[in-house]
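Spelled out from the first residue to the last, the chains are:
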Amino acid sequence: MTKPILYGADHSVYVRIARMTLEEKGIDYELVPVDVFAADGIPGWYLEHHPFGRIPAFEHDGFRLFETGAITRYADEAFDGPALQPKDPRARARMNQIIGMLDAYAYRSMVWDVAVERLEKEAPDEAMIASGLSHASTALRTLSSLKAPGPWLLGDQLTLADLHAAPIIGYFVKVAEGQSLLARFADIEDWYARMAERASFAKTEKAD
Ligand SMILES: N[C@@H](CCC(=O)N[C@@H](CS)C(=O)NCC(=O)O)C(=O)O
């Protein structure tokens, strides 16, 4: 089998989720840079990999995928390495619930409405940041209520839910408001500190 290819940029939260998964599995892969925010638009060739022009996209022996959740589940199931999904149906459903919740309700509010707005805008939209923080608070409270006892979100097994959540929260805590909100959820703050110590997290950290 040939080395899988991941298309994307190292600043992207979703690319980082896929990269952390590949790192945790011990899969050797190639990261092919794609700039979806390029001044002259998304490269035409890339739309054949991802018709919506988002990152990441993935390719393995001619098999192409987009959508991070599909990529990470494939990487877990098609390659050797530690299993990143629980076998128990209820634990697996909980993992999938957390991933779905993060995609639907946490990513936009934490990353775009709060962190990007605060970091990148000359005149940040304070109403957008306040609304983002309110959604982020609900997401963190829910994550805390869904978290199983133990070091990781599902308990003793590190799963795709941990690898999905860490890059989103990692972006959120780039700003002071993110850090203070996270500090109100001690179990999630402790979990995040454990995630931040993992080699897969350090290796995929974008140098500013
Ligand atoms: N549903 C997609 C979301 C991917 C996504 O939104 N990626 C961001 C980067 S973190 C992106 O490509 N943004 C470009 C844009 O919004 O135009 C997935 O799961 O892969």
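For the structure itself, consult the block above.
All values reported here derive from a predicted model rather than from experimental measurement.

**With respect to the nonpolar core**
- With 47 residues, the main nonpolar core has Met110, Leu140, Leu153, Ile169, Ile188 and Trp191 as its most contacted residues.
- Mapped onto this core, the elements with two or more residues apiece are helix 1 (13-25), helix 3 (89-120), helix 4 (126-146), helix 5 (160-172), helix 6 (176-183) and helix 7 (186-196).
- The element that contributes the greatest number of residues to this core is helix 3, accounting for twelve residues.
- Two domains share this core, each providing at least three of its residues, namely domain 1 (5-78) and domain 2 (89-203).
- For Leu153, the residues in contact, after removing those within four places along its chain, are Ile98, Leu143, Leu146, Lys147, Ala148, Ala161, Asp162, Ala165, Ile188 and Trp191.
- Core analysis: the second largest hydrophobic core is formed by 19 residues, Val15, Val34, Val36 and Ala57 among them.

**Examining the sheet that holds strand 2 (residues 30-33)**
- Ordered by their spatial adjacency, four strands build an open sheet running 2-1-3-4, and the pairing between neighbours is mixed. Two strands bound the open sheet, and with one partner strand each, they are strand 2 and strand 4 (63-66). Going across the sheet, the axis of each strand differs from the next one's by a mean of 20 degrees, ignoring polarity.
- Both strand 1 (residues 5-8) and strand 3 (residues 57-60) contribute to a ladder of three bridges, which runs antiparallel. Note on strand 3: the bridge partner recorded for Ile5 is Glu59.
- Its contacts with the sheet place helix 1 against strand 1, strand 2 and strand 3, and it is angled at close to 160 degrees to strand 1.
- The strands touched by helix 2 (residues 68-78) within the sheet are strand 1, strand 3 and strand 4, with strand 4 carrying the most contacts at an inclination of about 135 degrees.

**Section: the site of the ligand**
- In the region of the ligand, the neighbouring residues are Ser12, Val13, Tyr14, Val36, Phe37, Arg54, Ile55, Pro56, Glu67, Thr68 and Tyr107.
- For the ligand, an oxygen atom lies 2.8 Å from a polar atom in the side chain of Arg54.
- Ile55 has a polar backbone atom sitting 2.9 Å from a nitrogen atom of the ligand.
- Protein chains bury 83% of the 510 Å² of accessible surface belonging to the ligand in isolation.
- Taken together, the residues that form the shell around the ligand break down as seven nonpolar, two polar and two charged.

Conventions used here
Residues numbered from 1 in each chain as written. Predicted model: local features only at pLDDT ≥ 70, side-chain atom pairs only at ≥ 80, totals over all residues. Heavy atoms only, no water. Core = buried A, V, L, I, M, F, W, Y, C linked by side-chain atoms within 4.5 Å. Buried < 20%, exposed > 50% of the residue type's maximum accessible area, 1.4 Å probe, protein only. Helix = DSSP H or I, 4+ residues; strand = E, 2+ residues; numbered from the N terminus. Domains from an automatic or database assignment. Contact = heavy atoms within 4.5 Å. Pairing = 2+ DSSP bridges. Axes fitted to C-alpha atoms, helices over the stretch in contact; angles between N-to-C directions. Near = heavy atom within 4 Å. Polar contact = N/O pair within 3.5 Å; in protein donor to acceptor, adjacent residues only side chain to side chain. Areas by Shrake-Rupley, 256 points an atom, 1.4 Å probe, with all protein chains shown as cover. Nonpolar A, V, L, I, M, F, W, Y, C, P; charged D, E, K, R; others polar.

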